[in-house]
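# Reading the structure
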Amino acid sequence: MKTILLVLGLLCLTACQQTGEKQLLQERQGNDSEMKYVTDSDPVEEPNMSNQKTASHLAKIAVEEPGVHDATAVVLGSYAAVGIDVDKDLDRGRVGMIKFSVAEALKHDPYGKEAVIIADADGVERLRGIGEKISQGHPVQAVTEELSQIVARYMPERPIEDQPESQDSNKGSIPEKDKEKLKQLEKEQSKEQ
């Protein structure tokens, strides 16, 4: 008998709670409005193109920049390399400016954000060869290895820095025997001021 009373009491509490939530919701929204669920208020369409379509899209963007005669691109997953053909008589500074303008144009494209720009004639020809191999159906692993070699050739080497350099970075390069002399000199200079 006690269990039946206990179950009835729990059912009554549950029913009262649900009724209270409905009333509270109606009070907050007003009786004349309907409840609307918004799934995505700012939809962003994610274009879904194949690697070959993406490569031709990036090459088209590069060709639209002044000074670029022709362009080729290779896309493998999230990696992209864009080779640009510029006038062979241009000096290094002008080629750098053209590469920068192409990089800026690609930066605003979701597929070209981190593309590597190559303006070297040899590199551009190698990229064209990779593009042909991909279209012929060569194994992805061989193409990936060749693309990584090309990109590694043109990417600058930078040390990985976990911590910013301190202002006294030169103190670590002083031999132990000269540290005492430096401390003494610092004390003397600070007394003079």
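Calculation notes
Residues numbered from 1 in each chain as written. Predicted model: local features only at pLDDT ≥ 70, side-chain atom pairs only at ≥ 80, totals over all residues. Heavy atoms only, no water. Axes fitted to C-alpha atoms, helices over the stretch in contact; angles between N-to-C directions. Helix = DSSP H or I, 4+ residues; strand = E, 2+ residues; numbered from the N terminus. Parallel < 35°, antiparallel > 145°, perpendicular 65-115°, else oblique. Left-handed = near helix turned anticlockwise from the far one by under 90°. Contact = heavy atoms within 4.5 Å. Nonpolar A, V, L, I, M, F, W, Y, C, P; charged D, E, K, R; others polar. Salt bridge = Lys/Arg side-chain N within 4 Å of Asp/Glu carboxyl O.

Here we take up the packing of helix α4 (residues 121-136) against helix α5 (residues 140-154). How two helices sit against one another is set out by the angle between their axes and by the gap between those axes. At a minimum axis distance of 10 Å, the contact between α4 and α5 shows a crossing angle of 165 degrees. As far as their axial angle goes, α5 and α4 are roughly antiparallel. The chirality of how α4 crosses α5 is left-handed. When α4 is examined against α5, the residues D122, G123, R126, L127, I130, K133 and I134 are found in contact with a partner set consisting of V143, E146, L147, Q149, I150, R153 and Y154. When grouped by side-chain class, the residues that make up the contact of α4 with α5 number seven nonpolar, two polar and five charged.

Let's shift gears to the pattern of salt bridges. Note on pairing: side chains with opposite charge can pair once their charged atoms come close. All chains considered together, the criterion is met by four salt bridges. The partner of K107 in a salt bridge is E104, and the shortest N-O contact between them spans 3.5 Å. Residue K107 and its partner E104 are both found in helix α3 (residues 92-107); the two are separated by three residues, about one turn of the helix. A salt bridge links R128 to E125; its shortest N-O distance comes to 2.8 Å. Here E125 and R128 lie together in helix α4, a separation of three residues that amounts to about one turn. One continuous salt-bridge network, built from bridges that share partners, spans D70, E125 and R128.

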